[in-house]
Each structure stands twice: as C-alpha cells, then as structure tokens.
Amino acid sequence: MRRIDALKAIYPDFEDHLVVTIMGAVAVEVYSLGHRPNFFYLEHSMGLASSVGLGLALCLPDQRVVVFDGDGSVLMNLGTLSTMARYHPQNLVHVIFDNESLLSVGGFPTATSAGTDLAGIASASGVENVAAVTEPEEMKDAFSEAMRRDGLSVIVAKVEAVGPTAFAMNIGLLENRFQFERYIKELRSK
Ligand SMILES: Cc1ncc(C[n+]2csc(CCOP(=O)(O)OP(=O)(O)O)c2C)c(N)n1
C-alpha cells in the first residue's frame, strides 16, 4: 500500500478534525489532498507529533484529534506510547505509517526493517485499541472504527517507502501555526 492511497481512503473521515502530522513526506501528502485550517504540520520537531496530539486531545476533550506519524519519528520518542496509554485520552487516533525507513531524508532503514513491531509495542504499552493494516480498505475500516470509539487508538499502517516527488508546500510554517491556533481559539469561543 502507498501512504497516499491510505490517506485518500480516509481523508473524508479526518478532514473536519484536528490533525497533526510529522514533517516531510506525510505532511506534503496530506497537504496535497487539500489543506484545511484544522491541519497542523509539525515541522522539525521529529518524534513529537504524538505528544502535541496528546496535549490537544487532553485540553480539547470535545474534539477528535488525529496524528499522522512515521516509524522513524515514533522510534525517536518511543515513550510516547506509554505516556499516551497512561493518560488515556478519549479522543485520540494515532496513525503510524511504517515504511521501515527515514524516507524524507533519503530512506535509511529503521529498526522496523529489522523486526521491531510498533503495534506490539503499542499494545504492550497499554494502548486499548491497536490495529495493524496493510491495505487501503483495512485502513479505512480501522480508521473509521477508531474515530467512532471513545478512547485511544493506534493504527500501524505498513506502507511502501515512496513519497511525493517534490516537498514544496504553499504554506509557511508560521502561517500554518497561527492559522491552526486561530482555528482552535474559535472552537473554544463557540
Ligand atoms: C530532531 C530531528 N532529527 C532529525 C530530523 C531530520 N528528519 C526530518 S524527516 C526525518 C525522517 C522521518 O522519518 P519517519 O518518521 O519514518 O517518516 P518518513 O520520512 O519515512 O515519512 C528526519 C530524520 C529532524 N527534522 N529533527
């Protein structure tokens, strides 16, 4: 499965929710499907998208928060899975696209290419709902189930190590940061 196809399969289910992505290829792919003011691309802070997502989920319990992460990023902040499980937000879906590589910086292999099982680590960390998917249809089912549940879900999607041909996005880092902040402030004032 290509990550872009997995994202296309679930875009209608996440477009209206708070979305945080890691930097690089996945940010560009989400952006290419249609940017929304409720999407935040966490540039540079590798490993911390799920931590930002957890903070948002705990502070905004009436919202659904979706995090799009990568295997390399999760491996840099592996404690995030036990922290999320410990604080068990009722509204957080953490999607880890596992392409077994650091695709955005040249494709160096990560530990998942040598057998590390992120779904197994998520379960052993205490995450209630964990799914491992390999096809867009499975992704669609696992994602809509996760969005329906009250709780924390982790979906590990095995994807090919392919990404966009170019990494340009027509939105500046600060513009995205302020737009997302404004979106949240407006939610709170409703
Ligand atoms: C702290 C830190 N270290 C390194 C980088 C450089 N970097 C940017 S993207 C990336 C790879 C991310 O890999 P992964 O999470 O697996 O996502 P993929 O690129 O494969 O989609 C790296 C190493 C960074 N941005 N921040």
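Up top is the structure these notes are about.
Because the structure is a prediction, the values reported are computed rather than measured.

J.: It is not clear to me how the overall build of the protein should be interpreted in this structure. Could you clarify?
T.: Scanning the protein for helices and strands turns up eight helices and eight strands. Over its C-alpha atoms the protein spans a radius of gyration of 15 Å, differing by no more than 12% from the 16 Å that the globule rule assigns to 190 residues. Seen through its principal axes, the protein has C-alpha atoms that stretch 50 × 35 × 30 Å. Split into buried and exposed, the 190 residues of the protein put 41% on the buried side. Residue pairs at least 24 apart in sequence account for 72% of intrachain contacts in the protein once pairs closer than 6 positions are excluded.

J.: What's the story with the pairing of strand 7 (residues 129-133) in this structure? I'm lost.
T.: For a regular strand, the rule is simple: side chains alternate between the two faces of the sheet. As defined by bridge partners, strand 7 adjoins strand 8 (residues 151-158) across five bridges and the pair is classed as parallel. The residue of strand 8 that forms the bridge with A132 is V156. For the handedness criterion, the β-α-β arrangement of strand 7, helix 7 (residues 136-148) and strand 8 is classed as right-handed.

J.: Could you clarify how one ought to interpret the nonpolar core in this entry?
T.: Residues V19, V66, F68, V95, I155 and A157 are the most contacted members of the largest nonpolar core, which totals 53 residues. Residues within four places of A157 in sequence aside, it is in contact with M1, A6, V95, F97, D98, V133 and M139.

J.: Mind showing me how you'd approach the environment of L102 here?
T.: Summarising the element assignment, L102 is placed in strand 5 (residues 101-102). Assessed through the 21 C-beta atoms surrounding it within 10 Å, L102 is described here as buried. Linking L102 and G72, residues 30 residues apart in sequence, is a C-alpha distance of 5.8 Å. For L102, the residues in contact, after removing those within four places along its chain, are G72, G107, F108 and T110.

J.: What am I meant to see in the site of the ligand here?
T.: Looking at the ligand, there are 17 residues lining it, with G70, G72, S73, L103 and S104 nearest. When residues of the shell around the ligand are traced back to their parent elements, those giving at least two are helix 2 (25-33), helix 4 (71-76) and strand 5. With three residues, the top contributor of residues to the shell around the ligand is helix 4.

J.: Is there a simple way to think about the packing of helix 1 (residues 3-14) against helix 2 in this case?
T.: The packing of two helices is summarised by the inter-axis angle and the distance between the axes. Helix 2 packs onto helix 1 with a crossing angle of 45° between their chain directions and a minimal axis gap of 10 Å. Judged on the interaxial angle alone, helix 2 and helix 1 are oblique. Between helix 1 and helix 2 lies a crossing of right-handed hand. Side by side, helix 1 and helix 2 meet where R3, I4, L7, K8 and Y11 of the first sit next to V26, E29, V30 and L33 of the second.

Criteria and cut-off values
- Residues numbered from 1 in each chain as written.
- Predicted model: local features only at pLDDT ≥ 70, side-chain atom pairs only at ≥ 80, totals over all residues.
- Helix = DSSP H or I, 4+ residues; strand = E, 2+ residues; numbered from the N terminus.
- Rg over C-alpha atoms; globule rule 2.2 N^0.38 Å.
- Buried ≥ 20, exposed ≤ 12 C-beta atoms within 10 Å, placed from the backbone.
- Contact = placed C-beta atoms within 7 Å.
- Pairing = 2+ DSSP bridges.
- Right-handed = clockwise from strand over helix to strand, strands pointing away.
- Core = buried A, V, L, I, M, F, W, Y, C linked by C-beta atoms within 7 Å.
- Near = placed C-beta within 6 Å.
- Axes fitted to C-alpha atoms, helices over the stretch in contact; angles between N-to-C directions.
- Parallel < 35°, antiparallel > 145°, perpendicular 65-115°, else oblique.
- Left-handed = near helix turned anticlockwise from the far one by under 90°.

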